[in-house]
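The primary structure of each chain is shown beneath.
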Amino acid sequence: MLDSKYIEENMDKVRGKLAERGAEIDFEEFWALDRGRKEIIKKVEKLERERNIGSKKVGELRREGKKEEAQELQEEMKRTSVQIKELGELRARAEEAFRNFLLTIPNISHDSVPVGGSDADNVEIRKWGEPKDFDFEPKDHVEIGKDLDILDLDRAAKITGARFALYKGLGARLERALINFMLDLHTNEHGYTEVLPPFMANTDSFIGTGNLPKFEEDLFKIEGTDFYLVPTAEVPVTNIHRDEILKEDELPIKYVAYTPCFRSEAGSYGKDVRGIIRQHQFNKVELVKFSNPDSSYEEHESLTENAARVLELLGLPYRVVLLCTGDMGFSSAKTYDLEVWVPSENTFREISSCSNFEDFQARRASIRYRPKDGSKVKLVHTLNGSGLAVGRTVIGILENFQEADGSVTVPEVLVPYMGGVTKISN
RNA sequence: GGAGGGCUGGCAGAACGGCGAUUGCACCGGUCUUGAAAACCGGCGUCCUUACGGACUUGGGGGUUCGAAUCCCUCGCCCUCCGCCA
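In this text the structure is predicted, and so the values were computed from the model without any measurement. (Residues numbered from 1 in each chain as written. Chains lettered and ligands numbered in written order. Predicted model: local features only at pLDDT ≥ 70, side-chain atom pairs only at ≥ 80, totals over all residues. Heavy atoms only, no water.)

Regarding the packing of aromatic side chains
Applying the stated criterion across every chain yields a total of 13 aromatic pairs. The interplanar angle of 40° and the centroid separation of 5.6 Å between the aromatic rings of phenylalanine 30 and phenylalanine 98 together place this pair among those described as tilted. A residue pair is termed long-range when its members are at least 10 positions apart, and phenylalanine 30 in helix α3 (residues 27-63) and phenylalanine 98 in helix α4 (residues 67-103) qualify at 68 residues. Ring geometry for tryptophan 341 against phenylalanine 348: centres 5.0 Å apart, planes inclined by 70°, an arrangement best described as edge-to-face. Overall, phenylalanine 348 belongs to the buried group, its relative accessible area being 15%. An aromatic cluster of at least three residues, connected via ring pairs, comprises Phe27, Phe30, Trp31, Phe98 and Phe101. Lying across the ring of tyrosine 192, lysine 254 places its NZ or CZ 4.9 Å from the centre. (Phe/Tyr/Trp six-rings, centres within 6.5 Å; stacked < 30°, edge-to-face > 60°. Helix = DSSP H or I, 4+ residues; strand = E, 2+ residues; numbered from the N terminus. Buried < 20%, exposed > 50% of the residue type's maximum accessible area, 1.4 Å probe, protein only. Lys NZ or Arg CZ within 6 Å of the ring centre and 35° of its normal.)

Structure follows, in structure tokens:
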């Protein structure tokens, strides 16, 4: 959520910035809602003042034994009270309409973000590693998984439906090994605190991160409750500190969390239907930071590096891409995507998305800190990034490290997590 | 699922339905000091207003009342006990 005062004072900039990302804001409506809200607030508060003074006076008159005067004033205040109640309802509606309007406006991009309409305008920042030159026809992960009997998509479809996976044997072990490896790396080497949050969260939490009210169709809701399955650990973890005032000394707070992620994938019918690239349920290790606003962009860079380190240790070729205005998520001010090399597609595919949300989520979720110098409490900046998406990491490993004989070499760093297994083969 | 107790400011903890929440601790600033501590003074939630001011805020929402932290209803959460259960 943007600061309404900021919008008022920087109308042209806001208009331009939002246009860059393909979002239009109806300023006529904004002004109308804002003006309406302020007018009604003024009226109500004037009446409330009268009532407060009047009521106090009633008490005084009674104590002085002036019963009749008290009675008279009481009658008058009763009428005032009725008016307040009526206007109060209008006020509530006006404020809600204003807030709802603000909740549907996306974040403003950082000045370093390139302007563009689609992923074609994203900017490659750097590349790491060399895609392997296979001297045989490489298979895709579906074939590899089937041939090694570690991935059974047909039976998963029987259990649930399309876009679900059943890992078996060393496939299941590989998934678990990756989760543990990533958690150990980020806690031991990068200073994150491990958390294991609920896999469902309530409406307030989803509003806090910006997933609601606008993107409900992307979520699975639990019938008969106020709970949704989390589409990313970002939701529960960012909301750990919702409605809190943190100490400046505590910042930055860094969490790493493993959760499964559940996404309805509405609107992606027919896209990535083969394999486990796009699933209704997948595992992810997520990095989340709560930062001092002054240093959030440094924290963004280091968070991205922390995620990239996973790929480097695994030996998977990747590139870093700076998303353009048109390709960024609703809540983000700046996003780097990490893309892993996928031999079967002869291209890079997103495996991590690292964003700085500045105070956009913090304002929605009311996450603030108390500056050391005693000045007014301020909103923190929130950041997060996948560290990494586990299913897609499995794709990377199976496809990049496949051998001519159909086996897959286990990256050295994972061997201890695989119980000493160095090669997955029949 | 049943019975009971609770929810107040960053924390602790008061407040017969009536001058719009007493106090302590923590934190920040100032005075004092060579420096620090102590002491003293001030500050330390949100909104409206150029300002002066004003309104709101005792878990959320609603009700009773001239007036609600206080009474009633409802939802949420925490604690204790019973039942069931991985």
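Regarding the protein's contact with RNA strand B
Near RNA strand B there are 26 residues, and of these Glu48, Ser55, Lys56, Ser81 and Asp373 occur at the shortest range. Sugar and phosphate atoms constitute 72% of the interface atoms of RNA strand B, taking the interface as everything within 4 Å of the protein. Note that a phosphate oxygen of RNA strand B is positioned 3.0 Å from one of the side-chain N or O atoms of asparagine 52. Listing elements by their share of the surface near RNA strand B, those giving two or more residues are α3, α4 and β11 (367-370). Top contributing element to the surface near RNA strand B by residue count: α3, with 13 residues. For the surface near RNA strand B, the class distribution of residues is 5 nonpolar, 5 polar and 16 charged. (Near = heavy atom within 4 Å. Polar contact = N/O pair within 3.5 Å; in protein donor to acceptor, adjacent residues only side chain to side chain. Nonpolar A, V, L, I, M, F, W, Y, C, P; charged D, E, K, R; others polar.)

Side note on the domain arrangement of chain A
Here chain A is described as being made up of domain 1 (26-103) and domain 2 (119-424). Averaged C-alpha coordinates put domain 1 and domain 2 at centres separated by 49 Å. (Domains from an automatic or database assignment.)

Comments concerning helix α7 (residues 170-188)
For α7, which comprises 19 residues, the first-to-last C-alpha distance of 25 Å matches the rise-based estimate of 27 Å (1.5 Å per residue) to within 8%. The set of residues buried in α7 consists of Gly171, Leu174, Glu175, Ala177, Leu178, Ile179, Phe181, Met182, Leu183, Leu185 and His186. (Expected span 1.5 Å × (residues − 1).)

Describing the sheet that holds strand β9 (residues 334-342)
Spatially, β1-β8-β9-β10-β13-β7-β6-β2 is the arrangement adopted by the 8 strands of the open sheet, whose pairing is mixed. Every other strand in the sheet has two partners, leaving β1 (123-128) and β2 (193-195) as the edge strands with one partner each. Taken over all neighbouring pairs, the strand axes of this sheet differ in orientation by 25° on average, direction set aside. In the sheet, β9 pairs with strand β10 (residues 347-356) via 9 bridges, with the strands oriented antiparallel. The residue bridging leucine 338 from the neighbouring strand is serine 352, located in β10. In the packing of α7 onto the sheet, contacts are made with β2, β6 (253-262), β7 (281-291) and β13 (381-389), and the angle to β7 comes to roughly 10°. Running over the sheet, helix α12 (residues 390-400) touches β7, β9, β10 and β13 and is turned about 35° from β13. (Pairing = 2+ DSSP bridges. Axes fitted to C-alpha atoms, helices over the stretch in contact; angles between N-to-C directions. Contact = heavy atoms within 4.5 Å.)

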